[in-house]
Amino acid sequence: MALFRRKTTKVVRRGDAREERKVRTVDGKTVTVRRFQEPASAEPAEAAAKQDTRQQTKTQARSPGQQRSRGSGSAKKSTPKSNAGRSGGKSGGGKQTGTAKKTSGAQKTSGAQKTSGAQKTSGAQKTSGAQKNGGERSQSNRRSSGRSRPKGSGQRSERSQTPERSRRRTHLEVVPPPETAKKQMLVRSSKHQTQIVVLEGPVLVEHYVAREDQRSLVGNVYVGKVRNVLPGMEAAFVDFGEGKNGVLYAGDVNYDDAEIEGKRPRIEMVLKPGDAVLVQVVKDAMGKKGARLTNQISLAGRYLVLAPDADVRGISRRLPDDERRRLREIVAEVRPKGMGVIVRTAAEGASREDIKSDIERLLELWKDIEAKKDRQAPALIYQEPPLELRVIREHFTSDFKRLLIDSQSTYDRVVDYLQGTEAELVGKVSLYEDELPIFERFHVEDQLRKALDRRVWLPSGGHIVIDRTEALTVIDVNTGRFVGHSNLEQTVLQNNLEAAEEIARQLRLRDIGGIIVIDFIDMEIAKNRDAVLLKFREQLAKDKTRTQVFDVSNLGLVEMTRKNVSAGLLESFSEVCPRCSGRGVLLHEDAATHGKPVPANPSDKPDKSDKPDKSDKSDKSEKTA
């Protein structure tokens, strides 16, 4: 094990050593003997001898000059003080001719030999011996690495030394959300769409939209017909009457209905093409992918979620511990036998009668679904309420200041719903009747316009860039115009803290889901990195959509996931550019294949074959791409 022990070369310099001078007479001539000794903190001679014995393999790799200097140093250590004068005098008389100048030459060969050899060992760190004893060298490298710090350089070598479990630890504990300004909800209804926004003070944080030509199917229950079963994918494609076939994975099949005991069977043993199956939409169709379905039905109410086919229990972790204990006792009394109940955050402060009445409404709904499940497939047997009622059911609680609605019919539906579920919130609902449009009155239009942009500016002058790809979303953090005041580390820290808060808001506002990778600016100090992650998690705690954040990776990236349920803000109000097919670039295939010159400005001088009609406004779409 001596090969793996870390040793540091000991250098005794004239400034550190203690000098002894003695004048002696040798053969009738006066000789001055100068002797240098190590300071009191040096190791004893016996310990040094043991180190030399243990490191025989290391000394073989040292240069001959270094070995000689180490050997002379150890020999000097083993000389007793009582014989130092006599041995020094004899050697001086035997090797020198008695002059003072020759004595100084002896100093170089005897006393200063160790110093010069040690200087070679410490100063010439390019030798193999100094590299092996590189404790001082590694510290100097760490100090020098902080002088210039391009993005992703100095910090990543330091992160690579952290343990794997701390570096890739996922965030499991619940971070309480910080105090926010008074929240208010605005509803704008029109013939073709309904928009709902949530404001925290004057800041827009959430947006929901339901269009007549593009409605969300999440929560709807259908009787579907199995079209195809793929054992290799462990999934089945189900026709549920809504365009594309939905995907039903093996993990979402309710095997209790199949009455099969023992080990869970494969999906092809339970489902066959042509079978009728009861399914619920859990994720809308996106792009070329169909909707995701489940055979395990769950019905959402105001205070809880009822799972008729699963004996599960759960309470929102956002609630305080005392409230969780109180609700757990209530649910244990009123829960239907054999059914699962998950208590929501909105149940805070709800009485036993409120919980019981919510369960009774969901039980009546489940009985109605069971009565219709024998219909001919495909068929819709339960449809979720309109968007405004779903958002109010999920989000509108007592911490909201008010709810403003600009449509009389929508206002009546909301009031009727709240009177049957939580009557004390009816007083916070108002009908907006001003001439100025409601979104313009609260400056929502400007904030929505910025939310559709790729770049978002930070208060200090920095900015973040959000790019969507097929597999994930990438967010890059930049200082931009922000140059700071004191030093680089503080400048980067302030910029990252502002970016962490803004990124959490943009994820909620744009409803970005799936895998998200964030490239914060590198920070040298671990405490600053922890502060940025804590700030980010605190802001994400306001988001009711499930998120999971990991620690900083080896490459300085923060990886996270956010539950993806429906299309986001950008997907709802955009379409693929017909000119570039969504790539954002104009291709010059003739230049690549036939060697034709690339036009200097393709938008001004398009080819005749690519010249668009005046009516399709391709210039505008090209600019957007």
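Rules used throughout
- Residues numbered from 1 in each chain as written.
- Predicted model: local features only at pLDDT ≥ 70, side-chain atom pairs only at ≥ 80, totals over all residues.
- Heavy atoms only, no water.
- Salt bridge = Lys/Arg side-chain N within 4 Å of Asp/Glu carboxyl O.
- Helix = DSSP H or I, 4+ residues; strand = E, 2+ residues; numbered from the N terminus.
- Buried < 20%, exposed > 50% of the residue type's maximum accessible area, 1.4 Å probe, protein only.
- Pairing = 2+ DSSP bridges.
- Axes fitted to C-alpha atoms, helices over the stretch in contact; angles between N-to-C directions.
- Contact = heavy atoms within 4.5 Å.
- pLDDT = per-residue confidence, 0-100.
- Right-handed = clockwise from strand over helix to strand, strands pointing away.
- Polar contact = N/O pair within 3.5 Å; in protein donor to acceptor, adjacent residues only side chain to side chain.

## Brief notes about the pattern of salt bridges
Then, in step 1: Here the structure, examined in full by the defined rule, presents 26 salt bridges.
Then, in step 2: Among the salt bridges present, the one from Asp467 reaches Arg454, with a minimum N-O distance of 2.6 Å. Residue Asp467 is located in strand S19 (residues 463-468), and its partner Arg454 is located in the loop between helix H16 (444-451) and strand S18 (455-457); the two are separated by 13 residues in the primary sequence.
Then, in step 3: By relative accessible area, Asp467 is classed as partly exposed at 30%.
Then, in step 4: Among the ionic pairs, Glu501 bridges to Lys535, the shortest N-O distance being 4.0 Å.

## Topic: the sheet that holds strand S13 (residues 313-315)
Then, in step 1: Here four strands make up an open sheet; going across it, the order is S11-S12-S14-S13 and the pairing mixed. The two strands at the open ends of the sheet, each matched to only one other strand, are strand S11 (299-300) and S13.
Then, in step 2: Pairing of S11 with strand S12 (residues 304-307), which is carried by two bridges, proceeds in the antiparallel orientation. Directly across from Ala300, in S12, lies its bridge partner Val305.

## Quick notes on the sheet that holds strand S23 (residues 558-562)
Strand pairing within a sheet occurs via backbone hydrogen bonds; the two strands may be parallel or antiparallel.
Then, in step 1: Read from one edge to the other, the open sheet built from six strands follows the order S18-S19-S20-S21-S23-S22, with strand pairing classed as mixed. With one partner strand each, in any of the chains shown, S18 and strand S22 (547-552) form the two edges of the open sheet. Sheet twist, expressed as the average angle between the axes of neighbouring strands with direction ignored, equals 20°.
Then, in step 2: Each of S18, S19, strand S20 (472-478), strand S21 (514-519) and S23 is contacted by helix H17 (residues 488-510), which is oriented at about 150° to S20, the strand it contacts most.
Then, in step 3: Its contacts with the sheet place helix H18 (residues 526-540) against S21, S22 and S23, and it is angled at close to 175° to S22.

## Looking at the confidence of the model for the chain
Then, in step 1: Across the chain, pLDDT averages 76, with 68% of residues at or above 70.
Then, in step 2: pLDDT under 50 marks residues 61-173. Its contacts with residues more than four places away, or in other chains, come to 138 contacts.
Then, in step 3: Within the model, the stretch residues 607-625 combines pLDDT values under 50 with 11 contacts to residues more than four positions away or in other chains.

## Here we look at the pairing of S21
A regular strand places its side chains so that they alternate between the two faces of the sheet.
Then, in step 1: Here S20 runs beside S21; their pairing, made up of five bridges, is parallel. Following the sheet pairing, Asp476 is matched in S21 by Asp519.
Then, in step 2: The parallel pair S20 and S21, bridged by H17, forms a crossover whose chirality is right-handed.

## What to know about the side chain of Gln195
Then, in step 1: Topologically, Gln195 is positioned in strand S4 (residues 193-200).
Then, in step 2: In this structure the side chain of Gln195 is engaged in a polar contact, spanning 2.5 Å, whose partner is the side chain of Arg188.
Then, in step 3: Among the polar contacts listed, one links the side chain of Gln195 to the side chain of His207, at a separation of 3.0 Å.
Then, in step 4: Ignoring anything within four residues of it in the chain, the contact list for Gln195 reads Leu186, Val187, Arg188, His207, Tyr208, Val209, Phe439, Leu448 and Phe573.

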